[in-house]
Amino acid sequence: MSKLVITGGRRLEGTVRIGGRKNAAIAVLPAAVLATGPSVLENIPDIDDVRTYGEILRQMGADIHRGPEGLVVDPTGFAAVVPQQELVKRLRASYYLVGVLLARFGRAQVPLPGGDEIGLRPIDQHLKGLRALGAEVVIEGGCIRATASQLKGAPIYLDVVSVGATINIMLAASMARGTTVIENAAKESHIVDLANFLNAMGADVRGAGTDAIKIHGVDSLHGCTHAIIPDDIEAATYMIAAAATGGDVLVANVIPKHLDPITAKLREAGVDVQEDGDCLRVRATGRLRAVDIKTLPYPGFPTDAQPPMTTLLSLAAGTSLVTESIWEGRFKHVEELNQMGTAIRVEGRTAIIEGVERLSGAVVRAKDLRAGAALIIAGLAADGVTEVSEVEHVYRGYERIDEKLRGLGARVERVHA
Ligand code: EPZ
């Protein structure tokens, strides 16, 4: 167990370099074992979820090591063994192994995944998609078991826009016989990144980034070199932290377009955001204004940036409404924030935020990854010392966050109990 000890009240200033996108990396990693030869993954983030996924794939026979150019994934020894439950439970994206194992071996047995407790997180759309491709899928004994003598392409309409189901179906369909069309597909930038990676391996995936993705199955895939896109949620977190501390930060190595919803809302609140190539400069002076936010699938405001944004708005003048329409359990940061002096109440799926002038340091707990990010930002902006416990959640998805924040002038230390 470890905690972050933050002495708040300092403006963040300087440059922070953003790493590769977590939710792209943990889709591309299992996709790499679809190939017959090694791939090199550049710009892989240095985060615990990537380490855990690497351990899972290694346990299943793949060789994974850091080379001079990036992470080398050699799937030569990868086999259809059951991944260790203890590892699978550490992250959500372990269910991509079902799509991968089905595509490569026609059978999969994968313990039900873990991940952040932010809602019920059903997987019915994954199962619907895999069944449409001809797989028999059951959940028994805490495992997803699937078999298919030959996956066959099919039209699949998703009843809800799901990032995970879109990815799982893309993985399985990449080597199915015939054509799959995913309608009402997720459009997130990491879906496009995965499609680019699959295509570089020899797959035929078109339309990623729109709500209809067409996949012509191919017989086999080969290794390739691919660079993971920058992490827009890590970038959003530093942009919001800069704004919350009245700072002046250059957020470097981003694709500004992916951050449009964040930039738009920060500007509405009175933050100055300037684009310069692959950098965004974020400056805040004076008190910010309240704004309303509703989380939506891409290109709407991302749910993963909602907790940090809630912290920021707790300091803005006026009343902000934040509506969380993706995850029913994603306001766990609110109870903790209120211990630091925020005035937020939650009614159903909406947080009603009465802006306060200052926050004060407290001992709080990171209950999930982005809730942790929200509390860290609150600690940076607060008077006095904040201790954020259970920050393991945060290191699942933010690379060296204490070090990066210190680079911006923050006083942050990670303390291991
Ligand atoms: C991915 O989760 C991300 N996780 C989440 O990132 C992110 O919050 C989410 O997408 C939305 O952008 C990974 O990529 C590993 P969904 P995922 O399937 O794929 C419902 C973070 O902080 N649904 O798009 O699990 C579901 O209940 C996190 O980095 C079904 O009803 O999300 C939700 O309301 C946490 N049936 C909505 O769809 C299904 O079969 C969107 O979920 C699947 C989902």
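See the structure shown above.
Summarised in this report is the structure supplied together with it. (Residues numbered from 1 in each chain as written. Predicted model: local features only at pLDDT ≥ 70, side-chain atom pairs only at ≥ 80, totals over all residues. Heavy atoms only, no water.)

1. Here's the deal with the side chain of threonine 311
Phase 1: Counting through the fold element by element, threonine 311 comes out in helix H10 (residues 306–313).
Phase 2: Separated by 2.9 Å, the side chain of threonine 311 and the backbone oxygen of alanine 374 make a polar contact.
Phase 3: Those residues in contact with threonine 311, other than ones at most four positions away along the chain, are Leu337, Ala374, Ile377 and Ala378. (Helix = DSSP H or I, 4+ residues; strand = E, 2+ residues; numbered from the N terminus. Polar contact = N/O pair within 3.5 Å; in protein donor to acceptor, adjacent residues only side chain to side chain. Contact = heavy atoms within 4.5 Å.)

2. Here we look at the site of the ligand
Phase 1: Taken together, 23 residues sit near the ligand, with Gln125, Ser162, Val163, Asp304 and Ile326 positioned nearest.
Phase 2: Between the ligand and the protein, one listed contact pairs an oxygen atom with a side-chain N or O atom of serine 162 at 2.6 Å.
Phase 3: Taking arginine 330, its side chain carries an N or O atom lying 2.9 Å from an oxygen atom of the ligand.
Phase 4: Starting from 830 Å² of accessible surface for the ligand in isolation, the protein chains cover 90%.
Phase 5: Those elements that provide at least two residues to the shell around the ligand are helix H1 (22–32), helix H5 (124–132), helix H6 (163–173) and helix H12 (369–381). (Near = heavy atom within 4 Å. Areas by Shrake-Rupley, 256 points an atom, 1.4 Å probe, with all protein chains shown as cover.)

3. Here's the deal with the packing of aromatic side chains
Phase 1: Under the defined criterion, the tally for this structure stands at two aromatic pairs.
Phase 2: Relative to phenylalanine 105, the ring of phenylalanine 78 lies with its centre 6.0 Å away and its plane at 35°, an arrangement referred to as tilted. One end of the pair, phenylalanine 78, is in the loop between strand E5 (71–74) and helix H3 (85–88); the other, phenylalanine 105, is in helix H4 (residues 96–105), with 27 residues separating them in the sequence.
Phase 3: Classification of phenylalanine 105 by relative accessible area gives partly exposed; the value is 27%.
Phase 4: When the ring of tyrosine 95 is compared with that of tyrosine 96, the centres are 5.3 Å apart and the planes differ by 50°; the resulting orientation is tilted.
Phase 5: A relative accessible area of 8% places tyrosine 95 in the buried class.
Phase 6: The aromatic ring of tryptophan 327 is capped on one face by arginine 121, whose charged end is 4.6 Å from the ring centroid. (Phe/Tyr/Trp six-rings, centres within 6.5 Å; stacked < 30°, edge-to-face > 60°. Buried < 20%, exposed > 50% of the residue type's maximum accessible area, 1.4 Å probe, protein only. Lys NZ or Arg CZ within 6 Å of the ring centre and 35° of its normal.)

4. Structural notes on the environment of valine 163
Phase 1: Take valine 163: it is sitting in helix H6.
Phase 2: On the accessibility criterion, valine 163 (25% relative accessible area) is partly exposed.
Phase 3: Residues valine 163 and glycine 134, spaced 29 residues apart in sequence, show a C-alpha to C-alpha distance of 21 Å.
Phase 4: Contact partners of valine 163, with chain neighbours within four places excluded, come to Ala186, Glu188, His190 and Ile191.

5. Let's talk about the sheet that holds strand E19 (residues 343–347)
Phase 1: Strand order in the open sheet made by the four strands is E17-E18-E20-E19, with mixed pairing throughout. On the outer flanks of this sheet lie strand E17 (293–294) and E19, each paired with one strand and no other.
Phase 2: Two elements, strand E18 (residues 319–323) and strand E20 (residues 350–354), share five bridges in a ladder whose sense is antiparallel. Pairing of valine 322 across the sheet is with alanine 351, part of E20. (Pairing = 2+ DSSP bridges.)

6. Observations concerning the sheet that holds strand E9 (residues 155–157)
Paired through their backbone hydrogen bonds, the strands of a sheet run either parallel or antiparallel.
Phase 1: Pairing is mixed across the open sheet formed by four strands, whose spatial order is E9-E10-E12-E11. Strands with a single pairing partner mark the edges of an open sheet, and in this sheet they are E9 and strand E11 (204–206). Between one strand axis and the next, the sheet turns through 15° on average, direction left out of account.
Phase 2: As paired elements, strand E10 (residues 179–183) and strand E12 (residues 212–216) share five bridges and run antiparallel to each other. Of the residues in E12, the one forming a bridge with isoleucine 182 is isoleucine 213. (Axes fitted to C-alpha atoms, helices over the stretch in contact; angles between N-to-C directions.)

7. Quick notes on the pairing of E19
Phase 1: Relative to E20, E19 runs antiparallel, the two sharing five bridges. Paired with glutamate 347 across the strands is threonine 350, a residue of E20.
Phase 2: Counted between consecutive antiparallel strands, the loop separating E19 from E20 contains two residues, among which glycine 348 sits at a positive phi close to 60°.

8. Structural notes on the nonpolar core
The tendency in soluble globular proteins is for nonpolar side chains to be buried side by side.
Phase 1: Of all hydrophobic cores here, the largest spans 77 residues; its most connected members are Leu34, Tyr53, Leu57, Met170, Leu194 and Leu198.
Phase 2: Ranked by residues supplied to this core, first place goes to H1 with eight residues.
Phase 3: Residues contacting leucine 57, with those up to four places away along its chain left out, are Leu29, Pro30, Val33, Ala62, Ile64, Phe78 and Leu97.
Phase 4: Core analysis: the next-biggest nonpolar cluster, separate from the first, contains 69 residues, Leu12, Ala241, Val291 and Ile344 among them. (Core = buried A, V, L, I, M, F, W, Y, C linked by side-chain atoms within 4.5 Å.)

9. What about the environment of arginine 406?
Phase 1: Tracing the backbone shows arginine 406 in helix H14 (residues 401–407).
Phase 2: In sequence terms arginine 406 and glutamate 13 are 393 residues apart; their C-alpha atoms lie 10.0 Å from each other.
Phase 3: Beyond its immediate sequence surroundings of up to four residues, arginine 406 is in contact with Val412 and Glu413.

10. Remarks on the packing of helix H8 (residues 232–244) against helix H9 (residues 260–268)
Phase 1: As a packed pair, H8 and H9 sit with axes 10 Å apart at the nearest point and diverge in direction by 10°. Taken as axis vectors, H8 and H9 run roughly parallel relative to one another. The residues of H9 that touch H8, namely those facing Ala236, Met239, Ile240 and Ala243, are Ile262, Thr263 and Leu266.
Phase 2: Of the residues assigned to the contact of H8 with H9, the class counts are six nonpolar, one polar and no charged. (Parallel < 35°, antiparallel > 145°, perpendicular 65-115°, else oblique. Nonpolar A, V, L, I, M, F, W, Y, C, P; charged D, E, K, R; others polar.)

11. Side note on the pattern of salt bridges
Where charged atoms from two side chains of opposite charge approach closely, those side chains can pair.
Phase 1: Per the counting criterion, the structure on display carries 29 salt bridges.
Phase 2: With a closest N to O distance of 2.7 Å, glutamate 234 and lysine 404 form a salt bridge. Remark: lysine 404 occurs in helix H14 and glutamate 234 occurs in helix H8; sequence separation between them is 170 residues.
Phase 3: Among the residues examined, lysine 404 registers a relative accessible area of 11% and is labelled buried.
Phase 4: Of the charged contacts in the structure, one is a salt bridge between aspartate 402 and arginine 406, with a shortest N-O distance of 3.6 Å. Residue aspartate 402 and its partner arginine 406 are both found in helix H14; the two are separated by four residues, about one turn of the helix.
Phase 5: Via salt bridges that share partners, Asp46, Asp48, Arg51, Arg400 and Glu403 belong to a single interconnected network. (Salt bridge = Lys/Arg side-chain N within 4 Å of Asp/Glu carboxyl O.)

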